[in-house]
There are 2 protein chains.
Amino acid sequence: MKKLINSPDDVLTESLLGLAAAHPELRVDHANRIVYRGETKPHGTVALLSGGGSGHEPLHAGFVGFGMLDAAVCGEVFTSPAPDQLIEATRRIDNGAGVLHVIKNYTGDVMNFEMAAELLGGTEVDTVVIADDIAVEDSTFTAGRRGTGLTVFVEKIAGAAAEQGRELTEVAGLARRVCASGRSMGMALTSSTLPASGRPTFDLPDAEMEIGVGIHGEPGRRRVPLASAREIARMLVEPILADHEFGGSPAIVMLNGMGATPLIELYLMFGEVRGLLEKAGVSVARSLVGNYVTSLDMAGCSVTVLAADDEMLGLWDAPVSTPSLRWGI
Amino acid sequence: MKKLINSPDDVLTESLLGLAAAHPELRVDHANRIVYRGETKPHGTVALLSGGGSGHEPLHAGFVGFGMLDAAVCGEVFTSPAPDQLIEATRRIDNGAGVLHVIKNYTGDVMNFEMAAELLGGTEVDTVVIADDIAVEDSTFTAGRRGTGLTVFVEKIAGAAAEQGRELTEVAGLARRVCASGRSMGMALTSSTLPASGRPTFDLPDAEMEIGVGIHGEPGRRRVPLASAREIARMLVEPILADHEFGGSPAIVMLNGMGATPLIELYLMFGEVRGLLEKAGVSVARSLVGNYVTSLDMAGCSVTVLAADDEMLGLWDAPVSTPSLRWGI
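The structure displayed is predicted, hence computed values, not measured ones. (Residues numbered from 1 in each chain as written. Chains lettered and ligands numbered in written order. Predicted model: local features only at pLDDT ≥ 70, side-chain atom pairs only at ≥ 80, totals over all residues. Heavy atoms only, no water.)

**Brief notes about the environment of B:Val178**
Residues and elements named next belong to chain B.
- Topologically, Val 178 is positioned in helix α5 (residues 168–181).
- Exposure remark for Val 178: the relative accessible area of 1% places this residue in the buried category.
- Linking Val 178 and Thr 107, residues 71 residues apart in sequence, is a C-alpha distance of 21 Å.
- Leave out the neighbours within four places in its chain, and Val 178 touches Leu 150, Phe 153, Val 154, Ile 157, Leu 306 and Met 312. (Helix = DSSP H or I, 4+ residues; strand = E, 2+ residues; numbered from the N terminus. Buried < 20%, exposed > 50% of the residue type's maximum accessible area, 1.4 Å probe, protein only. Contact = heavy atoms within 4.5 Å.)

Okay, here's the thing in structure tokens:
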């Protein structure tokens with residue numbers, strides 16, 4: 001196994017030490033694996049919490065900061081965080097206006113966030129569950145659709161709304177509208193390798209790729225021979241367009257790298273994806289190209305498309321200052 | 001070969017199409033492979049040009065924008081841009097106050113930038129050659145030391161100085177001071193694969209790594225058995241500290257990913273590197289962790305350390321707005 005680690009058991013602990021050192025504007029509760037803002041928001045402002053298994057960096061800790069999350073809770077690699085961690089994090093960031101839990105739809109995540117919300121006394125909690133990955137219904141770790149790339153959009157747009165001082169019901173409602181209007185699909189050229197096992201998560205022959213793969217290497221729709229970027233773009237964009245009516249709205253589009261695919265290829269793929277979208281009458285108003293929701297060292301990419309209204313576009317453009325998304329500030 | 005491309009011959013052309021689509025604030029001269037700013041600086045301001053072979057993204061095109069480069073010229077993958085491209089780019093960005101050529105020390109780059117400067121009539125050109133990679137003297141494509149990670153620092157600091165309206169001699173002098181005060185060293189866990197050949201650039205057995213590797217896969221100092229992140233950090237930091245006197249100055253440190261190494265590992269490595277530096281009395285004042293100067297899909301990392309004075313720190317902190325480095329704006 002070729003990884004820059006000391007011991008498989010210490011990867012998360014030691015990565016959080018590095019994150020804390022690199023970002024003095026953030027704080028890390030190392031015992032509970034909570035990354036939170038150094039400066040808290042004014043009293044009476046809604047707070048946003050997300051979290052999940054590690055191995056998808058920069059998601060979620062890389063999105064903690066002004067205009068996005070108040071805290072991220074880190075589970076072990078590909079493992080849900082425990083209810084205790086989520087309770088501690090929720091209490092820590094509660095500013096007296098309630099906390100929105102932003103949850104990717106994986107059974108363990110949903111269960112542990114739910115348990116935390118039930119056990120939390122005195123803090124108002126609302127919840128949004130993201131299930132944007134159209135590849136499959138039900139999957140290895142999921143009932144229903146998996147939550148993937150759209151999480152970045154929910155965290156950005158709902159985070160900006162919270163920063164403006166909107167109430168919890170409004171912020172949560174907006175987050176749910178983003179969920180209803182966005183779709184994703186991904187693909188893998190290679191598997192990822194878990195530090196704990198040292199072996200590829202799944203087997204993918206040299207001449208094949210997985211279309212519709214999950215961010216933990218869960219099976220997708222089909223395994224097909226390697227194809228051109230243009231063909232791959234079509235295999236991702238067509239199902240997305242078939243699943244939702246995007247016509248008319250300006251779109252926010254993310255071309256996301258799975259971890260090991262270089263930026264020169266991601267920009268090339270974005271060009272292909274954008275061409276297909278525009279041809280289908282979907283006008284790309286904003287875009288993100290890079291590694292945002294990864295799967296360790298998997299090579300591949302995913303596409304996320306959000307049919308945005310003016311309110312979402314305005315909140316997307318609002319200032320944000322986090323380790324991995326930063327503009328206007 | 002597992003890559004998101006259409007044809008090996010079209011990788012750069014099509015990647016630039018995607019870059020242009022993703023960043024409407026930039027302009028791309030596709031015939032000459034020049035990426036430049038949509039909004040030009042005021043007349044009488046020094047302009048910065050860099051460029052080199054592609055495959056190191058986001059370097060250089062990802063650093064075009066306010067506070068950094070005025071333009072980047074893209075050669076084919078791992079191939080120097082031609083003098084004609086450099087001449088065209090220099091003329092395009094000249095605001096009447098001269099142009100600084102920021103060159104990584106590779107024989108082809110230096111030769112073609114020199115030829116361009118000689119052939120350019122009517123534009124004042126000054127030159128800085130970056131040779132920060134302490135791994136080896138002379139290398140596959142280089143006489144002297146190779147230019148690598150410090151390029152980001154030169155582009156950021158000199159770019160901020162140019163934005164303030166300083167004169168060419170001053171901007172160039174500052175760039176040369178950065179070159180004199182910064183050192184880098186890298187390592188590879190795996191080779192990269194060139195789209196044109198479809199095969200690994202060099203052979204690296206499963207149980208070995210290359211310490212001191214170049215960003216084109218050039219040989220380093222030695223090939224050693226795989227080791228822990230802590231050991232690897234020591235193998236990179238100790239030679240850097242032995243090569244330059246860093247004591248006393250605050251340091252700007254970059255932990256750079258070579259392309260295929262996930263962020264969770266890069267943060268872990270940064271924690272190790274920072275620990276060693278602080279133990280040696282080098283105080284880390286600013287840091288960057290991520291993929292900034294890559295080698296296609298190589299797994300590995302590099303460390304860059306700059307002994308910064310107050311002026312450099314101030315210019316580092318100055319606002320910047322480029323696709324891959326953005327703050328304060």
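Here the narrative resumes, following the displayed structure.
**Brief notes about the pattern of salt bridges**
All names here are of chain B.
- If you walk through the whole model with that rule in mind, you get 48 salt bridges over all chains.
- Of the charged contacts in the structure, one is a salt bridge between Glu 231 and Arg 234, with a shortest N-O distance of 2.8 Å. Taken together, the positions of Glu 231 and Arg 234, both in helix α6 (residues 229–243) and three residues apart, correspond to about one turn of that helix.
- In this structure Glu 231 comes out as partly exposed when scored by relative accessible area, which is 32%. (Salt bridge = Lys/Arg side-chain N within 4 Å of Asp/Glu carboxyl O.)

**Looking at the packing of helix α2 (residues 83–93) of chain B against helix α3 (residues 107–119) of chain B**
Residue and element names in this part refer to chain B.
- Axis separation between α2 and α3 bottoms out at 8 Å; the angle between their running directions is 55 degrees. Taken together, the axes of α2 and α3 lie oblique to each other. α3 is crossed by α2, and the crossing has right-handed handedness. Residues Pro 83, Leu 86, Ile 87 and Arg 91 of α2 touch α3, and the partners they reach there are Asn 112, Phe 113, Met 115, Ala 116 and Leu 119.
- Partitioning the contact of α2 with α3 into residue classes produces seven nonpolar, one polar and one charged. (Axes fitted to C-alpha atoms, helices over the stretch in contact; angles between N-to-C directions. Parallel < 35°, antiparallel > 145°, perpendicular 65-115°, else oblique. Left-handed = near helix turned anticlockwise from the far one by under 90°. Nonpolar A, V, L, I, M, F, W, Y, C, P; charged D, E, K, R; others polar.)

**Comments concerning the pairing of strand β8 (residues 208–211) of chain A**
All names here are of chain A.
- Relative to β8, strand β7 (residues 182–188) is paired through two bridges, and the arrangement is antiparallel. Its bridge partner lying in β8, Ala 188 is registered against Glu 210.
- Pairing geometry for β8 and strand β9 (residues 222–225), over four bridges, is antiparallel. The residue bridging Glu 208 from the neighbouring strand is Pro 225, located in β9. (Pairing = 2+ DSSP bridges.)

**A word on the relation of the copies chain B and chain A**
- Expressed as a screw operation, the relation of chain B to chain A combines 0.0 Å of axial shift with a rotation of 180 degrees, fitting to an RMSD of 0.0 Å. These values place the two chain copies in the arrangement generated by a two-fold rotation axis. Taking C-alpha positions as reference, the residue of chain B nearest the rotation axis is B:Ala260, located at 1.9 Å.
- A shared interface surface links the copies, since 100% of the contact residues of chain B are contact residues in chain A too. (Least-squares fit on C-alpha atoms with pLDDT ≥ 70 in both.)

**A closer look at the environment of A:Ile34**
All names here are of chain A.
- Its location among the elements puts Ile 34 in strand β2 (residues 34–37).
- Judged by relative accessible area, Ile 34 falls into the buried class, the value being 0%.
- Along the primary structure Ile 34 and Ala 89 are separated by 55 residues, whereas in three dimensions their C-alpha atoms are 6.5 Å apart.
- In this structure, Ile 34 is in contact with Arg 27, Val 28, Asp 29, Ala 71, Ala 72, Val 73, Gln 85, Glu 88 and Ala 89, ignoring residues within four places of it in sequence.

**Examining the packing of aromatic side chains**
Residues and elements named next belong to chain A.
- Evaluation of the coordinates by the stated rule reveals five aromatic pairs over all chains.
- Aromatic side chains Trp 316 and Trp 327 sit 5.6 Å apart centroid to centroid with 50 degrees between the ring planes, which places their arrangement in the tilted category. You can see Trp 316 sitting in helix α8 (residues 310–317) and its partner Trp 327 sitting in strand β14 (residues 326–327), a full 11 residues away along the chain.
- Trp 316 sits in the buried class, given a relative accessible area of 3%.
- Residue classification places Trp 327 among the buried residues on the basis of a relative accessible area of 12%. (Phe/Tyr/Trp six-rings, centres within 6.5 Å; stacked < 30°, edge-to-face > 60°.)

**Points about the sheet that holds strand β2 (residues 34–37) of chain B**
Residue and element names in this part refer to chain B.
- Read from one edge of the open sheet, six strands run β1-β2-β4-β3-β5-β6, paired in mixed fashion. A strand with exactly one partner marks an edge of an open sheet, and here the two such strands are β1 (26–29) and β6 (125–130). For this sheet the average axis-to-axis angle between neighbouring strands, irrespective of direction, equals 20 degrees.
- Alignment of β2 against strand β4 (residues 71–77), held across three bridges, turns out to be antiparallel.

**What about the interface of chain B and chain A?**
- With 58 residues of chain B at the contact, the number on the chain A side is 60 residues.
- On inspection of chain B and its partner chain A, the count reaches four salt bridges.
- Of the charged contacts, one joins A:Glu14 and B:Arg230 as a salt bridge, the two residues approaching to 3.3 Å between their closest N and O atoms.
- Counting the contacts that link chain B with chain A gives 27 residue pairs in polar contact (both at pLDDT 80 or more).
- The set of elements that each furnish at least two residues to the side of chain B that touches chain A consists of α1 (11–22), α6, α7 (263–279), β11 (283–290), β12 (300–307) and β14 (326–327) of chain B.
- Residue contributions to the side of chain B that touches chain A peak at 10 residues, all from α7(B).
- When grouped by side-chain class, the residues that make up the side of chain B that touches chain A number 30 nonpolar, 16 polar and 12 charged. (Polar contact = N/O pair within 3.5 Å; in protein donor to acceptor, adjacent residues only side chain to side chain.)

**Observations concerning the pairing of strand β10 (residues 250–257) of chain A**
All names here are of chain A.
- Burial runs high along β10: seven of the eight residues are buried.
- Looking at chain direction, β10 and strand β11 (residues 283–290) are connected through seven bridges and run parallel. Note on β11: the bridge partner recorded for Pro 250 is Ser 283.
- In this fold, β10 hands off to helix α7 (residues 263–279), which returns the chain to β11; that crossover is right-handed.
- Looking at chain direction, β10 and strand β12 (residues 300–307) are connected through seven bridges and run antiparallel. Bridging from a neighbouring strand, Leu 255 pairs with Val 303 of β12. (Right-handed = clockwise from strand over helix to strand, strands pointing away.)

**Describing the nonpolar core**
- Core analysis: the largest hydrophobic core is formed by 210 residues, its most contacted members being A:Leu100, A:Val152, B:Leu100 and B:Val152.
- Once residues lying within four places of it in the same chain are set aside, the contact partners of A:Leu100 are A:Ala47, A:Leu48, A:Leu49, A:Asp126, A:Thr127, A:Val128, A:Ala158, A:Leu168, A:Val171, A:Ala172 and A:Ala175. (Core = buried A, V, L, I, M, F, W, Y, C linked by side-chain atoms within 4.5 Å.)

**Considering the domain arrangement of chain A**
Residue and element names in this part refer to chain A.
- Taken domain by domain, chain A comprises domain 1 (17–181) and domain 2 (182–319).
- For domain 1 versus domain 2, the distance between C-alpha centres works out to 22 Å.
- On the side of domain 2, 42 residues touch domain 1, which itself brings 40 residues to the contact.
- Between domain 1 and domain 2 lies a buried interface of about 3300 Å² when both sides are counted; carbon and sulfur atoms form 63% of it.
- Across the domain 1-domain 2 interface, the total number found is four salt bridges.
- The interface formed by domain 1 and domain 2 holds 21 residue pairs in polar contact (both at pLDDT 80 or more) in total. (Domains from an automatic or database assignment. Buried area = accessible area lost by both parts, 1.4 Å probe.)

**Some remarks on the sheet that holds β12(A)**
Residues and elements named next belong to chain A.
- Taking strand neighbours across the sheet as the criterion, the six strands line up as β9-β8-β7-β12-β10-β11 in an open arrangement whose pairing is mixed. Each edge of the sheet is formed by a strand with only one pairing partner; in this case those strands are β9 and β11. Between one strand axis and the next, the sheet turns by 20 degrees as a mean value, whatever way the strands run.
- Its contacts with the sheet place helix α4 (residues 150–163) against β7, β10, β11 and β12, and it is angled at close to 45 degrees to β12.
- Sheet strands touched by α8: β10, β11 and β12. Its angle to β11, the strand with the most contacts, is close to 35 degrees.

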